[in-house]
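Each chain is listed here by its residues.
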Amino acid sequence: MLSSFPILSLVTFTPLVGAVIVLLLPRERSNLIRWFALAVGLVTFGLSLVMLGMFDASNPDLQLVERATWIQVGDWTIEYYLGVDGLSVLLVLLTTLLVPISILSAWRAVEERVKEFMAFFLLLAMGMLGVFLALDLFLFYVLWEFTLVPMYFLIGIWGGSRRMYAAVKFFLYTMAGSILMLLAIIWLGLQAGTFSLPDLIARGGIPAGAQFWLFLAFAAAFAIKVPMWPLHSWLPDAHVEAPTAGSVILAGVLLKMGTYGFVRFNLPLFPQASLQLAPWIAALAVIGILYGAAVSYPQRDVKKLVAYSSVSHLGFVMLGVFALNPEGISGGILQMVNHGLSTGALFLLVGMIYERRHTREMDAFGGLWKVMPLYAALTLVVALSSMGLPGLNGFVGEFTILLGAFGSQALGSPWFAGLAALGVILAAVYILHMFQKLFLGPLDKEENKKLADINWREIAVLVPLVILIFWIGLFPSPFFGLMESSVGKLAATFGAAAVAVR
């Protein structure tokens with residue numbers, strides 16, 4: 001039944017209402033459209049804070065549940081089923097934070113078809129929030145696929161010179177993986193008579209052989225979205241061609257749909273298969289960490305460098321999740337948030353310099369610290385957070401992940417953590433190289449000598465992210481506290497699964 005105060009529905013569908021209203025506004029009133037879309041994003045963020053106020057962190061179960069019959073066909077019932085727990089609450093907050101920040105970042109970068117841009121962006125926000133809150137497999141799949149459509153248009157219309165190639169590649173890659181997940185969802189529904197995720201988990205009893213194939217079917221969709229090596233090739237194209245706001249939301253939220261999918265679906269639905277395949281997933285994650293870092297270094301386009309770094313950073317997330325212990329899973333979830341903050345901020349910073357110079361080639365810069373000291377200082381903070389410097393958020397997430405991986409019984413070897421630690425060193429190499437190319441050395445390009453430092457709007461976009469970078473780095477307990485009970489409950493399921501595997 002629906003809650004007396006359906007806060008989750010309000011959080012999810014406020015952007016949809018906003019998108020409809022945006023479409024009704026006069027096309028020539030671009031500033032009105034921008035301000036209205038920003039207001040919708042801020043209201044949605046405010047509603048998510050109300051949700052946080054109603055959330056009980058000590059309760060490991062799903063909360064604020066809204067459940068009603070949606071579609072009834074014969075004996076089959078598909079439900080409108082939303083809920084939040086410690087596995088999803090931070091990702092909902094991350095989404096509602098990044099949406100208004102992204103809209104504000106597009107204030108001057110998007111001058112054409114502003115009305116359609118803002119409408120697609122709000123629709124994308126609705127789809128992403130629904131993915132993190134949906135508890136019916138059919139509803140989840142619909143929202144999962146829905147997010148492809150606005151993102152396809154955001155890249156295809158407002159992207160760079162190869163935007164259509166990147167948009168089609170993004171669409172086909174993610175769509176192909178989703179088909180296997182759809183087949184698995186249908187099989188689960190036929191066998192259990194329900195698409196309700198909590199009911200399917202409570203029912204259990206999926207044979208080990210079936211778990212293996214179902215795990216792989218769900219993993220195909222999620223691994224492409226993460227993206228895990230070797231399924232990552234769509235990501236650099238999508239990032240490089242997408243507008244800045246699209247890159248921020250792609251890195252900040254859309255990629256997390258893949259890692260969240262593993263946590264929400266693969267681990268609790270298929271615990272025996274998760275245990276059996278954990279070392280293989282961890283091996284791919286470690287390859288992704290090292291490969292992403294190695295490929296980032298030689299990039300000349302700074303946006304492409306940041307894009308490849310995501311392959312490395314999300315490898316850490318996958319390693320933590322498949323450590324299958326509380327430390328690893330908590331670190332993985334926190335690192336999802338950290339990556340959204342740090343890499344989202346890096347894409348914002350790249351977009352700011354691109355708006356001034358219309359190039360992202362690192363060889364075109366050098367010595368920027370002398371003319372853009374504030375921009376340089378903020379970039380340094382974000383870069384250090386991305387490379388995992390102690391005192392900033394990235395260190396907390398990576399340390400917890402390595403701690404979980406090192407002591408993981410599911411992985412069975414400390415070598416996964418040992419090799420992954422090399423990724424931290426490699427990250428320092430390519431990030432410091434990027435910073436040196438952009439900001440240090442002589443200011444010898446005439447075009448750079450007249451560059452203006454960042455303005456109040458750009459500061460407003462970055463400051464919330466920088467505050468959170470320091471907050472998580474210096475005092476992460478409130479963030480771990482939100483997920484602790486739910487992660488503990490999830491990790492406990494692998495004790496019984498380990499007995500069954502033996």
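One numbering rule holds for all chains: residues counted from 1, following each sequence as written. In view of the model being predicted, local features appear only for residues whose pLDDT reaches at least 70, and side-chain atom pairs are presented and counted only at 80 or more, with totals across whole chains, interfaces and linings using the full set of residues. Side-chain figures throughout are based on the complete set of non-hydrogen atoms in the structure, without hydrogens or water.

**Brief notes about the overall build of the protein chain**
Argument step 1. Helix and strand counts for the protein chain stand at 19 helices and two strands.
Argument step 2. Radius of gyration here is computed from C-alpha atoms only, and the compact-globule reference equals 2.2 Å multiplied by the residue count raised to the power 0.38. The C-alpha atoms of the protein chain give a radius of gyration of 22 Å, which matches the 23 Å a tight globule of 502 residues would have.
Argument step 3. Overall, the protein chain is about 70 × 55 × 40 Å in size when its C-alpha atoms are taken along their principal axes.
Argument step 4. Relative accessibility thresholds used throughout: buried, under 20% of the residue-type maximum; exposed, over 50%; partly exposed, between the two (1.4 Å probe, protein chains only). Residues counted as buried form 62% of the 502 residues belonging to the protein chain. Each helix is a run of H or I in the DSSP string that is no shorter than four residues. Each strand is a run of E no shorter than two, and both are numbered from the N terminus.

**Points about the packing of aromatic side chains**
Argument step 1. Two rings belonging to Phe, Tyr or Trp (six-membered ring only in the last case) form a pair when the distance between their centres is within 6.5 Å. Interplanar angles under 30 degrees mark stacking, angles over 60 mark edge-to-face geometry, and anything in between is tilted. Counted by the stated rule, this structure contains 28 aromatic pairs.
Argument step 2. Look at F222 and F262: their rings are 5.7 Å apart centre to centre, the planes differ by 65°, and that puts the pair in the edge-to-face class. Of this pair, F222 sits in helix α9 (residues 208-225) while F262 sits in helix α11 (residues 244-269), and the two are 40 residues apart along the sequence.
Argument step 3. Judged by its relative accessible area of 0%, F262 falls in the buried class.

**Some remarks on the packing of helix α10 (residues 234-241) against α11**
Argument step 1. Axes, fitted as lines to C-alpha atoms, cover a helix only where it is in contact. Angles between the N-to-C directions of the axes lie from 0 to 180 degrees. Contact pair α10 / α11: the axes reach a minimum separation of 8 Å and the direction vectors enclose 140°. One finds that α10 runs oblique with respect to α11. Residues W234, L235, A238 and H239 of α10 form the contact with α11, whose participating residues are S247, L250, A251 and L255.
Argument step 2. Only Asp, Glu, Lys and Arg are considered charged, only Ala, Val, Leu, Ile, Met, Phe, Trp, Tyr, Cys and Pro nonpolar, and every remaining residue, Gly among them, polar. For the contact of α10 with α11, a count of residues per class yields six nonpolar, two polar and no charged. We call two directions roughly parallel when the angle between them is under 35 degrees, roughly antiparallel when it is over 145, roughly perpendicular when it lies between 65 and 115, and oblique otherwise. The contact criterion used throughout is that any non-hydrogen atoms of two residues lie within 4.5 Å.

**Describing the packing of α10 against helix α13 (residues 302-321)**
In a packed pair of helices, the relevant descriptors are the angle between the two axes and the axis-to-axis distance.
Argument step 1. Following both chains from N to C, one finds α10 and α13 inclined at 140°, their axes separated by 9 Å at the closest point. In terms of crossing hand, the pair formed by α10 and α13 is right-handed. Along its contact with α10, which presents L235, P236, H239 and V240, the element α13 presents K303, K304, A307, Y308, S310 and V311.
Argument step 2. For the contact of α10 with α13, the residue count by class is six nonpolar, two polar and two charged. Helix crossings get a hand from a simple test, with the near helix turned counterclockwise from the far one by less than a right angle marking a left-handed crossing and a clockwise turn marking a right-handed one.

**With respect to the pairing of strand β1 (residues 63-73)**
Argument step 1. Pairing between two strands is assigned when DSSP locates at least 2 bridges connecting them. Both β1 and strand β2 (residues 76-84) contribute to a ladder of eight bridges, which runs antiparallel. Bridging across to β2, Q72 finds its partner in T77.
Argument step 2. Between the end of β1 and the start of β2, which pair antiparallel, lie two residues, with G74 showing a positive phi angle near 60°.

**Thoughts on the nonpolar core**
Argument step 1. Within the largest apolar cluster, 192 residues are counted, with the highest numbers of intra-cluster contacts made by L319 and F322.
Argument step 2. In this structure, L319 is in contact with A282, A285, V286, I289, I401, A405, L411, F416 and A420, ignoring residues within four places of it in sequence. Only buried Ala, Val, Leu, Ile, Met, Phe, Trp, Tyr and Cys residues count toward a nonpolar core, and they belong to the same one when joined by side-chain atoms within 4.5 Å.

**Looking at the side chain of H232**
Argument step 1. Mapped onto the fold, H232 is located in the loop between α9 and α10.
Argument step 2. A 3.5 Å cut-off defines polar contacts: any pair of N or O atoms within that distance qualifies, except that in protein one atom must be a possible hydrogen donor and the other a possible acceptor, and neighbouring residues in sequence count only when both atoms are side-chain atoms. Of note is the side chain of H232, whose polar atom sits 3.3 Å from the side chain of Y291.
Argument step 3. Not counting residues within four places of it along the chain, the set of residues in contact with H232 comprises P227, Y291, Y308 and V311.

**Concerning the environment of F171**
Argument step 1. Structurally, the position occupied by F171 is in helix α7 (residues 163-192).
Argument step 2. Put simply, F171 and V149 are 22 residues apart on the chain and 8.1 Å apart in space, counted from C-alpha to C-alpha.

**A look at unusual backbone geometry**
Argument step 1. Here the amide bond leading from V226 into P227 is cis, since omega sits at -10°, within 30 degrees of zero.
Argument step 2. Tracing the backbone shows P227 in the loop between α9 and α10.
Argument step 3. At the junction of W229 and P230, the peptide bond is cis and its omega measures out at 10° in the coordinates.
Argument step 4. Turning to its location among the elements, P230 is positioned in the loop between α9 and α10.

**Concerning the side chain of K225**
Argument step 1. The residue K225 is located in helix α9 in this model.
Argument step 2. Residues within four places of K225 in sequence aside, it is in contact with W144, T147, L148, T174, W234, L254, L255, M257 and G258.

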